[in-house]
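# Structural description and commentary
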Amino acid sequence: MTLLTVENLTVAFPGRHGTVNAIEDVSLSISPGEILGMVGESGAGKSMTGAAIIGLIEPPGRIAAGEIRLEGQRIDTLRPDEMCRIRGRRIGAIFQDPLTSLNPVLTVGEQLIETIQTHLKLPKDEARARAIDWLRRVGIPAPEARIDTYPHQYSGGMRQRVVIALALCAEPRLVIADEPTTALDVSVQAQIIALLRKLARETGVAVILVTHDMGVIAETADRVAVMYAGRIVEVGSVAEVLTAPRHPYTRGLMASIPRIGARPDVLPQIEGAMPRPHARPAGCAFAPRCPVRIDICSQTRPDLTGHATRSVACHLSKEVPA
Amino acid sequence: MSDPILTVTGLKKTFDLSQPFLTRLTQGGGRKYVHAVDGVDFTIPRGTTLSLVGESGCGKSTVAKLLMGLTQPSAGSIRFDGHELAGTRAGQPPAVRRRMQMIFQDPYASLNPRWRVARIIGEPMKSFGTHPDPVARRKEVDRLLEFVGLSAADGEKFPHEFSGGQRQRISIARAISTKPEFLVCDEPTSALDVSVQAQILNLMRELQRELGLTYLFISHDLAVVNYISDQIGVMYLGLLVELAPADRIFAAPQHPYTRLLLDTVPDITMAHRDMDRPAGEVPNPITPPTGCHFHPRCPLANDRCRSEAPAFRTRGDSHVRCHAVEEGRTDPMPLRKAG
């Protein structure tokens, strides 16, 4: 059973030189309890995909094509007030910077209780009990006392735990986590990753984890979608994509990540940079940087082909050894 | 360890965070200090790379600023090729400072958006007087642009016309324009995407080989540091807790904090998936824990660790600041698989 399906989603921004597509033809699905990683370089469209799902694309950007269904219900065509009831209640969000995601003049408890009461219509004392329970579940020590303190009294890692509690306290079915660990130190990042996995397992919430860090994907996600220049170029289970990447971009990316252990003299690198959205080449957007391109690559854009669990958008995907 | 280009001994930097005198008098409360760098010693042999790693607030960037004279040390000595630099300001004395330059973390903030690239790269040559003639200077700028993988025509453009990786190449060209021997690189790739990070790291290695540069490299990413370093220093709350050759740090980490860092780096081989995570965060540096600063998070801590600060002791070719290592109490502490 799938919880969310996105089909052929295109987000367009009108610009001075015509319309620019931030993301093009993105299709994905996620099941309850699953953690789907979305990985790519800045500007690849991973955050935009998350924003589209939660209905937070800044005008003049708009969904130009495609559809988004949550538990069978189409949500991309809802009115803003209807979408507002879905946000928080059925889709939660965790953002990168825990300091700016929290209101500095309200206590942590006031923010949690407000969120719970808005979505679950509980009396105040029950909402408070539930807020304390959520703080405990995300690993805040002494939650009965900490609930009445302000965000600035929390450390960075503890703040991000509060943000996670806020995203989950209305018991949504899906959480979009956009770079949830990027602002944190590595030892704290590891704790937050473990917490996300634990909560997904316990509550059955599905998580779309947007990150640029393959290491975070490797340790957190079940499946991963690799984005490049606004499109998904490869989807599969984390183990498959990371150990046997099939798209030349994914292979280049994996090779270029420095690792602990081997110390090569020269790090494999992908030449050039990702094209900007208004200057994407015809054909495959990766073709100009691709070490194995053939004639057709610069003429025709390859479709994402494969089966339900593994697909690749590359003309060579059949020839390229897996 | 012959021919050190830089020797740092007992380097300290204390920031006074006290309230103003009258506020202290009327509202009570004593003086408050942060020991951002609390006595750091290291030596960098010519042509090699020393990396400092640690979490935010450990003092690694303050060390970089102290070396460059961007902030003044409270105590200690910085000797660069025989010249004492502690107490001198940035750019002073020019004959010595010309030989040390810096590459900053954020290539969007470290280039003047209103200047053309040629002027940005030419400025150090102008201010240090290495190329006073504008025509010769421009020729040198063109050569540098090509050297770092851009084209001479790029000198006429503004920084916003470049991607993050290209901007970092411009920063590197500016840093090497005065023909320095020593570069301080403060997280030079952490604002870049991975595929671009590899390009910049390769460029830096190539520069080191061709120009014989010495690097002090600052990063929070152990994998990056593994690729670029000869020596690695691990910092925690203003102190070096371990300093060792790079291969030793990864093959046989001594200090419990080094081990914690290595265990928590997200690894693309999924090696640490579902393991129990070490708890805790870096404590507030204004009120660091007594004894060894790391003891509240340390699985090996005992009463001595809680009361007595360990010394920085030499063990073979590495240096470690830990009672447990000294006493041989460091049984391997493998992370358990979570249930």
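This text goes with the structure placed above it.
The structure reproduced in this document is the subject of the present report. (Residues numbered from 1 in each chain as written. Chains lettered and ligands numbered in written order. Predicted model: local features only at pLDDT ≥ 70, side-chain atom pairs only at ≥ 80, totals over all residues. Heavy atoms only, no water.)

### Some words on helix H1 (residues 46–53) of chain A
Most of H1(A) is tucked away: six of the eight residues are buried. Taken together, the buried positions of H1(A) are A:Lys46, A:Thr49, A:Gly50, A:Ala51, A:Ala52 and A:Ile53. (Buried < 20%, exposed > 50% of the residue type's maximum accessible area, 1.4 Å probe, protein only. Helix = DSSP H or I, 4+ residues; strand = E, 2+ residues; numbered from the N terminus.)

### A few points about empty space enclosed by the protein
All names here are of chain B. All told, the structure shown has four cavities of 30 Å³ or more when counted by the stated rule. In this structure, the largest cavity encloses a volume near 60 Å³. Taken together, His255, Pro256, Cys292, Phe294, His295, Cys298, Ala301, Cys305, Pro310, Cys322, His323 and Ala324 form the lining of the largest cavity. Partitioning the lining of the largest cavity into residue classes produces nine nonpolar, three polar and no charged. (1 Å grid on protein atoms, 1.4 Å probe; cavity = no way out; pocket = protein on both sides within 12 Å on 5 of 7 lines; lining within 4 Å. Points joined across faces, edges and corners; volume = space filled by probe spheres on them. Nonpolar A, V, L, I, M, F, W, Y, C, P; charged D, E, K, R; others polar.)

### Focus: the packing of helix H4 (residues 108–120) of chain A against helix H5 (residues 124–137) of chain A
Residue and element names in this part refer to chain A. Packing of H4 against H5 leaves a shortest axis separation of 9 Å and a crossing angle of 120 degrees. Judged by the angle between their axes, H4 and H5 are oblique. When the axes of H4 and H5 are compared, the crossing they make is right-handed. Here Val108, Leu112, Ile113, Ile116, Gln117 and Leu120 of H4 lie close against H5, whose contacting residues are Lys124, Ala127, Arg128, Arg130, Ala131 and Leu135. Class assignment for the residues of the contact of H4 with H5 results in eight nonpolar, one polar and three charged. (Axes fitted to C-alpha atoms, helices over the stretch in contact; angles between N-to-C directions. Parallel < 35°, antiparallel > 145°, perpendicular 65-115°, else oblique. Left-handed = near helix turned anticlockwise from the far one by under 90°. Contact = heavy atoms within 4.5 Å.)

### Re the sheet that holds strand E1 (residues 4–15) of chain A
Residue and element names in this part refer to chain A. Read across the open sheet, the four strands follow the order E2-E1-E4-E5; overall the sheet is antiparallel. Of all the strands in the sheet, just strand E2 (18–30) and strand E5 (73–74) have a single pairing partner and so form its edges. Relative to strand E4 (residues 62–70), E1 runs antiparallel, the two being bridged by seven bridges. Looking at E4, one finds that valine 6 is bridged to isoleucine 68. (Pairing = 2+ DSSP bridges.)

### Digging into the pairing of E1(A)
Sheet topology places E1(A) next to E2(A); nine bridges connect them, and they run antiparallel. Looking at E2(A), one finds that A:Leu9 is bridged to A:Val26.

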